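# Summary of structural features
One letter stands for each residue in the lines below.
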Amino acid sequence: NEISFDDNQIASVDRAFIKIARKKPFEGEALMLEACTDIRPTAILKLKKSDLKKGYILFRKELQKNRSKGKVEDIKIYYTPEITRALNRLHRQYKRRGHEKYRFIPWLIPSGRIDWGNPNTKYRQSNKTRRADLRGAWEEVRKLIKFEGSIKTLRKTYFTQKVELEKSQGKTE
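Here is a short report on the structure shown in this document.

## Re helix α4 (residues 81–95)
Every α-helix carries 3.6 residues per turn, so stepping three or four residues along brings you back to the same face. Over its 15 residues, α4 runs 21 Å from end to end, which matches the ideal 21 Å to within 8%, given 1.5 Å per residue. Residues of α4 that are buried include every one of I83, A86, L87, R89, L90, Q93 and Y94, and no others. Each buried residue of α4 sits inside an arc of 155° when the element is viewed along its axis, so together they form one side. Along α4, exposed side chains directed more than 90 degrees from the buried face belong to P81, R92 and K95. Where α4 is buried, its residues contact α1 (7–20), α2 (25–35), β1 (52–53), β2 (56–59) and β3 (75–78).

Spelled out as structure tokens, the structure:
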């Protein structure tokens, strides 16, 4: 529970995300995005395509876990090279042959179990077309990597790297 990945493990995990992207197209990119932001996995799955703005991701207050602790505002998560890479890979998935139909789904990470025979527009805009979790994709990643970790470890690693960077810049102890 208290572990975070080191640099070699991060590279290995990143390669695993790329490998599973063929089998689980949107989930691999969601895990990659999770690894380079401080957004919780459940909140990443609730992001909409409209939350991607020019230069930042709008992390809406409705998605934030600490929304009950008083006044909470939307957060702008500015693009870093890692976030840009993950989003570019995600956009490439939408352009792949057979994935064009996902353009009409509002969620950034669509479900793989959408009823395409249902012509109802309300259904396509509903939560039923959103991916519920990333467990299956993470199990695929765990088979490819040879060390222990969980989806939460990605977020912990992000925070650890951020603190190490601030230490190296003399901003914190």
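More follows now that the structure is in view.
## As for the packing of α1 against helix α7 (residues 151–168)
Taken N-terminus to C-terminus, the directions of α1 and α7 make an angle of 135°; their axes are 12 Å apart at the nearest point. One element, α1, and the other, α7, form an angle in the oblique class. Crossing angle aside, the handedness with which α1 passes α7 is left-handed. Note on element contacts: α7 touches α1 through L154, T157 and Q161, opposite D7, I10, V13 and F17. Split by residue class, the contact of α1 with α7 holds four nonpolar, two polar and one charged.

## What to know about the environment of Q93
Secondary-structure assignment places Q93 in helix α4. Given the relative accessible area of 5%, Q93 is considered buried. Measuring from C-alpha to C-alpha, the distance between Q93 and E29 comes to 8.9 Å, with 64 residues separating the pair along the chain. Ignoring any residue separated from it by four or fewer positions in sequence, one finds Q93 in contact with A21, P25, F26, E29 and H99.

## Brief notes about the side chain of T157
Within the fold, T157 resides in helix α7. A polar atom in the side chain of T157 sits 2.7 Å from the backbone oxygen of T153. Those residues in contact with T157 that lie beyond four places of it in its chain are S4, F5 and I10.

## Here we look at the packing of aromatic side chains
According to the stated counting rule, one finds six aromatic pairs in the structure shown. Ring geometry for F5 versus F147: centroids 5.6 Å apart, planes at 65°, classification edge-to-face. Here the residue F5 occupies a position in the segment before α1, and F147 occupies one in the loop between α6 (135–144) and α7, the gap between them amounting to 142 residues. Judged by relative accessible area, F5 falls into the buried class, the value being 7%. Members of the aromatic cluster, each reached through a chain of ring pairs, are F26, Y94, Y102 and W116. K48 extends its terminal NZ or CZ atom over the ring of W107, reaching a point 5.1 Å from the ring centre. Above the ring of W107, the side-chain terminus of R130 is found at 5.7 Å from the ring centroid.

## Here's the deal with the sheet that holds β3
Pairing in this open sheet of three strands is antiparallel, and the strands run β1-β2-β3 from one edge to the other. Each edge of the sheet is formed by a strand with only one pairing partner; in this case those strands are β1 and β3. The pairing of β2 with β3 spans four bridges and is classified as antiparallel. When the bridges of β3 are listed, F59 appears paired with I75.

## Quick word on the packing of α1 against α2
Across the interface, α1 lies against α2 with an axial gap of 7 Å and an inter-helix angle of 160°. With respect to each other, α1 and α2 are oriented roughly antiparallel. Our pair here, α1 against α2, has a crossing hand that is left-handed. On the side of α1, the interface is formed by D14, F17, I18 and I20, while α2 contributes P25, G28, L31, M32 and A35. When its residues are assigned to classes, the contact of α1 with α2 shows seven nonpolar, one polar and one charged.

Rules used throughout
Residues numbered from 1 in each chain as written. Predicted model: local features only at pLDDT ≥ 70, side-chain atom pairs only at ≥ 80, totals over all residues. Heavy atoms only, no water. Helix = DSSP H or I, 4+ residues; strand = E, 2+ residues; numbered from the N terminus. Expected span 1.5 Å × (residues − 1). Buried < 20%, exposed > 50% of the residue type's maximum accessible area, 1.4 Å probe, protein only. Arc of directions from axis to C-beta. Contact = heavy atoms within 4.5 Å. Axes fitted to C-alpha atoms, helices over the stretch in contact; angles between N-to-C directions. Parallel < 35°, antiparallel > 145°, perpendicular 65-115°, else oblique. Left-handed = near helix turned anticlockwise from the far one by under 90°. Nonpolar A, V, L, I, M, F, W, Y, C, P; charged D, E, K, R; others polar. Polar contact = N/O pair within 3.5 Å; in protein donor to acceptor, adjacent residues only side chain to side chain. Phe/Tyr/Trp six-rings, centres within 6.5 Å; stacked < 30°, edge-to-face > 60°. Lys NZ or Arg CZ within 6 Å of the ring centre and 35° of its normal. Pairing = 2+ DSSP bridges.

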